[in-house]
Each structure stands twice: as C-alpha cells, then as structure tokens.
Amino acid sequence: MGTVIEYLHKAFDIVDGEPKFVLEDVNLKVQDGEFICILGKSGCGKSTLLNLLAGYLKPDKGRIVLNGEEIDGPSADRGVVFQQHALFPWYTVRENIEFGLRLQKRQDTKEMATKLIEMIGLQDYEHAYPVELSGGMAQRVGIARALAPDPAVLLMDEPLGALDALTREAMRQELIRIWQLSGKTIFFITHSVPEAVYLADRVVILKEGRVEADVAIDLPRPRNMRDKAFQDYVDSFARMIAETETEERAVCAE
Ligand SMILES: Nc1ncnc2c1ncn2[C@@H]1O[C@H](COP(=O)(O)OP(=O)(O)O)[C@@H](O)[C@H]1O
Ligand SMILES: [Mg+2]
C-alpha cells in the first residue's frame, strides 16, 4: 500500500502574523520496498519531514498515510535511526537489539535478535557494550535495533554523517545489503549528493519547503561512483540544489 504524503505543511514560527512554512505543500507517493533518499541543503526541512514521518511532529496542514492509516504519533511500524546512535550504554549489543522486542512481549525475541546480529555481522560482539564498538559497528546495531520490531518503514536521518570516509563507504554497501535482505521501505536523509545517488531508487530534492525534483536513479547495483552516468546524476542534482557556484563545488567535492 505504501506511503502517501499529501499537501504537507509545517511551520515553527509566525512572522508578520503569517506562519513561516519550513515545509509547504509537500506531496510524495512511495511504494513498499522503495529506497528513497531525501536530499537538500542544510536547513531545507529534511529532518522536519522525517520527524513528521516518525510521528514526533504533527503537520499544520496535510497528512501522511502509511498503509492506509494516517500517521498520528510514533509507532512500532516505523523504525528510526539518527546520526548519533542512541544505544543504551548499559546494555550489550544483544540487549540493545532485544529491547524493542521485549516491549512487544514477543516469544521469539532471542531468535529474532540472533538473526539480526547475523545480518549486521556482529556475532563476535553480541556481548560487547556500545563503548567497545567502532562508530560503524554502533550504527549497525542502531539499524538492527530499529529493524527488530519488524517495522513497515525505516526512517534514517543522516545515519552515516558522523562516520569517517572509509567506514561511511563500507556502510553504504552494508546498508544496501540490509535493505535487500529485509525488503523494507527506507527513507534516508542525506545532504551528500553522491551518497543519495549511490543508495536510492529515487532521489527527492527538497528546496524552499517544496519537492524540487523527484528522480528515479536508473543505474544497476552495486553502483560505481566513477561511472559517467553516476557522475551525470551527481552533477545535475548538485546544480539543482546549489544557488551559487561555490556551493555547487562544495557539494560535488563530498
Ligand atoms: N523545533 C524547531 N523549532 C523551531 N525551528 C525549527 C525546529 N526544527 C527545525 N526548525 C527550523 O526549520 C528549518 C528546517 O530544519 P531541519 O528540518 O532541521 O532542516 P535539515 O534537516 O534539512 O537541515 C530550519 O530553519 C530550522 O531552524
Ligand atoms: Mg537535519
């Protein structure tokens, strides 16, 4: 059934008696299993959109419908992963992943957690505490924890943003593998143009509160950032986002 975003508006401030919309008439239809990257400059409203999807914020106008039901608050059918992992430091890897499952009082908590630990390749670390993990490992645990309650969609807000370049590259491949294995719908926020082109089935560019572009990435996987076709997507998106040449260069350099 998918996700439908209709006429979505969100403002935080009133200026001269009028709401100052961060998101203004955002419309989007997403199929189940799609990998959607939301791309745009800092401050363009990406996190606001994600928080509306998560149900942490309420729209001022419009609505989001997930599998036929209007979103009206947080729920186990949406797993969220942030840039800074939010693992419980006093729980091990396994306990962190089992946390959501225990809340649901599931019978198969142990088995589910074992499957997820295998999926993220951390069998040797299941009894380690977050402080003992590298940044990439911790993010993998964060993803596994978000997937544990078997949500319909995974919402990710710049989840690779705090990682060093090499780890980030490895995690992109890892994420594609996890997405293909789990079959989840993913909303992935980034301000890195190459990252969006590497990951997405579709790239949605936000600009000035609206959907500036919604483009299917027609490249086979695994994708090669050095291909000309890849670079053509990057160049055209960078041009759409950037307002000045210097900014464009900065975006392309990432
Ligand atoms: N809770 C809030 N209260 C007031 N203003 C906010 C709040 N959250 C976001 N904003 C403003 O909304 C705009 C979009 O923010 P955000 O969605 O975080 O952008 P992005 O994630 O694309 O960088 C920014 O101008 C930001 O200052
Ligand atoms: Mg943000």
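Model, not experiment: these values are computed from the prediction.

(A) Expanded view of the site of ligand 1. Near ligand 1 the following residues occur: Phe12, Val22, Lys41, Ser42, Gly43, Cys44, Gly45, Lys46, Ser47 and Thr48. Separating an oxygen atom of ligand 1 from a backbone N or O atom of Gly45 is a distance of 3.1 Å. In the model, an oxygen atom of ligand 1 is placed 2.9 Å from a nitrogen or oxygen of the Lys46 main chain. In the complex, 54% of the free accessible area of ligand 1, which totals 560 Å², lies under the protein chains. Examining the composition of the shell around ligand 1, we find that three residues originate from one element, helix α1 (residues 46-54), more than from any other.

(B) Quick peek at the packing of helix α2 (residues 93-103) against helix α3 (residues 109-119). Running from amino to carboxyl end, α2 crosses α3 at an angle of 135 degrees, the nearest separation of the two axes being 9 Å. Relative to α3, the element α2 lies oblique. Our pair here, α2 against α3, has a crossing hand that is right-handed. Of the residues in α3, those in contact with Arg94, Ile97, Glu98, Leu101 and Arg102 of α2 are Thr109, Lys110, Met112, Ala113, Thr114, Leu116 and Ile117. A class-by-class count of the residues in the contact of α2 with α3 yields six nonpolar, two polar and four charged.

(C) Expanded view of the nonpolar core. Counting residues in each nonpolar core, the largest one holds 52 residues, and the members touching the most others are Phe35, Ile97, Ile143, Phe188, Val197, Val203 and Phe237. Considering each element in turn, this core owes the most residues, seven residues, to helix α4 (residues 135-147). There are two domains that each give this core at least three residues, and those are domain 1 (3-77 + 151-163 + 171-252) and domain 2 (87-150). Not counting residues within four places of it along the chain, the set of residues in contact with Phe237 comprises Leu39, Val193, Val197, Val203, Ile205, Val215 and Ile217. Core analysis: the second largest hydrophobic core is formed by 24 residues, Ile5, Leu23, Leu28 and Ile71 among them.

(D) Broad picture of α4. With 13 residues, α4 should cover 18 Å at 1.5 Å per step; its first-to-last C-alpha distance of 18 Å lies within 8% of that length. With twelve of its 13 residues buried, α4 lies for the most part within the structure. The set of residues buried in α4 consists of Gly136, Met137, Ala138, Gln139, Arg140, Val141, Gly142, Ile143, Ala144, Arg145, Ala146 and Leu147. Tucked inside the fold, the buried residues of α4 contact β6 (78-81), α2, α3, β7 (153-157) and α5 (165-182).

Conventions and cut-offs
Residue numbers restart at each chain and count upward from 1, following the sequence in its written direction. Think of it this way: whatever chain is written first is A, whatever ligand is written first is 1, and the rest follow in order. For this predicted model, a pLDDT threshold of at least 70 governs which residues receive local features, and a threshold of 80 or more governs which side-chain atom pairs are given and counted, while totals over whole chains, interfaces and linings are taken from all residues. To get the side-chain values, all heavy atoms of the structure are used, and hydrogens and water are removed first. Only a single heavy atom is needed: when it lies within 4 Å of a molecule or strand, its residue is near that molecule or strand. Under the rule applied, a polar contact is a pair of N or O atoms within 3.5 Å (in protein, one hydrogen donor and one hydrogen acceptor; residues adjacent in sequence only if both atoms are side-chain atoms). In short, Shrake-Rupley with a 1.4 Å probe defines the accessible areas, and a residue's cover is counted only from the protein chains shown. Put simply, DSSP marks the helices as runs of H or I at least four residues long and the strands as runs of E at least two long, and each gets a number from the N terminus on. Lines fitted to C-alpha atoms define the axes here, with helix axes fitted over just the stretch in contact, and angles between the N-to-C directions of these axes take values from 0 to 180 degrees. Roughly parallel means an angle under 35 degrees; roughly antiparallel means over 145; roughly perpendicular covers 65 to 115; every other angle is labelled oblique. When the near helix sits turned anticlockwise from the far one by under a right angle, the crossing is termed left-handed; a clockwise turn instead gives a right-handed crossing. Note on contacts: a residue pair qualifies if any of its non-hydrogen atoms lie within 4.5 Å across the two residues. Under the convention adopted here, Pro, Cys and the residues Ala, Val, Leu, Ile, Met, Phe, Trp and Tyr are nonpolar, Asp, Glu, Lys and Arg are charged, and Gly plus all remaining residues are polar. By nonpolar core is meant a set of buried Ala, Val, Leu, Ile, Met, Phe, Trp, Tyr and Cys residues that side-chain atoms within 4.5 Å join together. Burial classes follow relative accessibility: with a 1.4 Å probe on protein chains only, a residue under 20% of its type's maximum area counts as buried, one over 50% as exposed, and anything between as partly exposed. Domain ranges listed in this record stem from an automatic or a database domain assignment. Here the expected length of a helix is defined as 1.5 Å per residue gap, with one fewer gap than residues.

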